[in-house]
Amino acid sequence: ITFEGGEGAGKSTQTRLLAEALAERGIQVELTREPGGTAGAEAIRALLLDPPGDGWGVRAEALLFAAARADHLARRIVPALEAGKWVVCDRFLDSSRAYQGGAGGLADADLMELHRIGSGGILPDMTFLIEVSDDIASARLASRDEGRMDAIEGRDRTYHAKVGETFRRLAMEAPERFVRIDGSGSLSQTHGLVIAALDRFEELQR
Ligand code: TMP
């Protein structure tokens, strides 16, 4: 299960709340995030979010995200799935498709090809897209980071608007996997929407 969305949507909190709720149901859960989740991928995260020199071009950036993902899948996600756990991940491939693809200008087919090469093309069973208005996102970001932004958060409004548009398009194109969640309410309201959607999804699988 992956969580996706723009900056300040409350994704990371919702990822953790879902992992806790699943554990309470007796499910073994692996809670993780991208970029990151392994020592190597966390090292790549630091390079991506606080880049040396003039920063990365979009192609190098996409390759670094794909490299981090390859390590994360091989060393953490696949072993957890093989052990029968549910993996709940804060961001995954769809973030590359939205940020480096729709906003960064790379072709979606190329990002999917990188994912095939790096990670065998594995996709989530279910993806929650947490959506909030720009105003709510900016307010949450300002309180979270005291206004400090990393290299990607700090990109302009046009870039982030394209990220949002691309997520919406990806959700429309893959309704069997995506659920759009309104994240503008309280933490517990949003969590309630996530749980309700998960239960509906499981019902459909039966
Ligand atoms: P986070 O702050 O939500 O943990 O994510 C780190 C940043 O990395 C965020 O701005 C989104 C960006 N990102 C990409 O651009 N491509 C990706 O593939 C992933 C996983 C994250």
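Structure shown above.
Just so it is clear, the structure is predicted and the values come from calculations on it, not from any experiment. Counting starts from 1 at the beginning of each chain's written sequence and moves along it residue by residue. At least 70 in pLDDT is required for a residue's local features to be given in this predicted model, at least 80 for side-chain atom pairs to be given and counted, and no such filter applies to totals for whole chains, interfaces and linings, which use all residues. To obtain the side-chain values, all non-hydrogen atoms of the structure were included, while hydrogens and water were left out.

Visitor: Just to check I follow, could you spell out the nonpolar core for this structure?
Guide: To define a nonpolar core, start from buried Ala, Val, Leu, Ile, Met, Phe, Trp, Tyr and Cys residues and group those joined through side-chain atoms within 4.5 Å. Burial classes follow relative accessibility: with a 1.4 Å probe on protein chains only, a residue under 20% of its type's maximum area counts as buried, one over 50% as exposed, and anything between as partly exposed. Formed by 19 residues in total, the largest nonpolar core has its most connected members in Tyr 99, Val 163, Phe 167 and Phe 178. Residue assignment for this core shows that the elements contributing at least two residues are α2 (39-49), α3 (58-82), α4 (93-103) and α7 (157-173). A per-element tally of this core places α7 first, with five residues. The contact rule is simple, with two residues in contact once any of their heavy atoms fall within 4.5 Å. Not counting residues up to four positions away in its chain, the partners in contact with Phe 167 are Glu 4, Gly 5, Gly 6, Arg 91, Asp 94, Ser 95, Ala 98, Tyr 99 and Leu 129. Core analysis: the next-biggest nonpolar cluster, separate from the first, contains 17 residues, Ala 9, Leu 22, Ile 181 and Val 194 among them. Helix numbers and strand numbers start at the N terminus; a helix is a DSSP run of H or I with at least 4 residues, a strand a run of E with at least 2.

Visitor: Could you clarify how one ought to interpret the packing of aromatic side chains in this entry?
Guide: A ring pair, where both rings are aromatic, is described by two values, the distance of the centres and the angle of the planes. Between the rings of Phe, Tyr and Trp (Trp by its six-membered ring), a pair exists once the centres lie within 6.5 Å; its type follows the angle of the planes, with under 30 degrees stacked, over 60 edge-to-face, and the other angles tilted. Under the counting rule described, the total for this entry stands at three aromatic pairs. Arranged with centres 6.2 Å apart and planes meeting at 50°, the rings of Tyr 99 and Tyr 159 form a pair that is tilted. Of the two residues, Tyr 99 is situated in helix α4 and Tyr 159 in helix α7; the sequence distance between them amounts to 60 residues. Exposure remark for Tyr 159: the relative accessible area of 11% places this residue in the buried category. Among the aromatic residues, ring-to-ring pairing joins Tyr 99, Tyr 159 and Phe 167 into one connected group. Both a distance and an angle decide whether a charge sits over a ring: NZ of Lys or CZ of Arg must be within 6 Å of the ring centre and within 35 degrees of the ring normal. Arg 69 extends its terminal NZ or CZ atom over the ring of Phe 92, reaching a point 5.5 Å from the ring centre. In this structure, Arg 155 packs its charged tip against the face of Tyr 159, placed 5.1 Å from the ring centre.

Visitor: When you look at the packing of α3 against α4 in this model, what are you seeing that I'm missing?
Guide: Two packed helices can be described by the angle between their axes and the distance between those axes. For helices, the axis comes from a line fit to the C-alpha atoms of the stretch in contact; other axes are also lines fit to C-alpha atoms, and the angle between any two N-to-C directions lies between 0 and 180 degrees. Contact geometry for α3 and α4: axes closest at 11 Å, N-to-C directions at 175°. With respect to their mutual orientation, α3 and α4 come out roughly antiparallel. Where α3 abuts α4, its residues Val 58, Glu 61, Ala 62, Phe 65 and Arg 69 lie against Leu 93, Ser 96 and Gln 100. Within the contact of α3 with α4, the residues separate by chemical class into four nonpolar, two polar and two charged. Note on terminology: angles under 35 degrees are roughly parallel, angles over 145 are roughly antiparallel, angles of 65 to 115 are roughly perpendicular, and the others are oblique. Residues are grouped as follows: Ala, Val, Leu, Ile, Met, Phe, Trp, Tyr, Cys and Pro are nonpolar; Asp, Glu, Lys and Arg are charged; all remaining types, including Gly, are polar.

Visitor: Help me understand the pairing of strand β3 (residues 86-90), please; the structure alone is not making it clear to me.
Guide: Along any regular strand the residues' side chains alternate between the sheet's two faces. In terms of burial, β3 is largely enclosed, as four of its five residues are buried. Direction of pairing for strand β1 (residues 2-4) relative to β3: parallel, over a ladder of two bridges. Among the inter-strand pairings, Phe 3 is bridged to a residue of β3, identified as Asp 90. The sheet contact formed by strand β2 (residues 29-33) and β3 spans five bridges and is parallel. Its bridge partner being in β3, Glu 30 is matched across the sheet by Val 87. In short, DSSP must find at least two bridges between two strands for them to pair.

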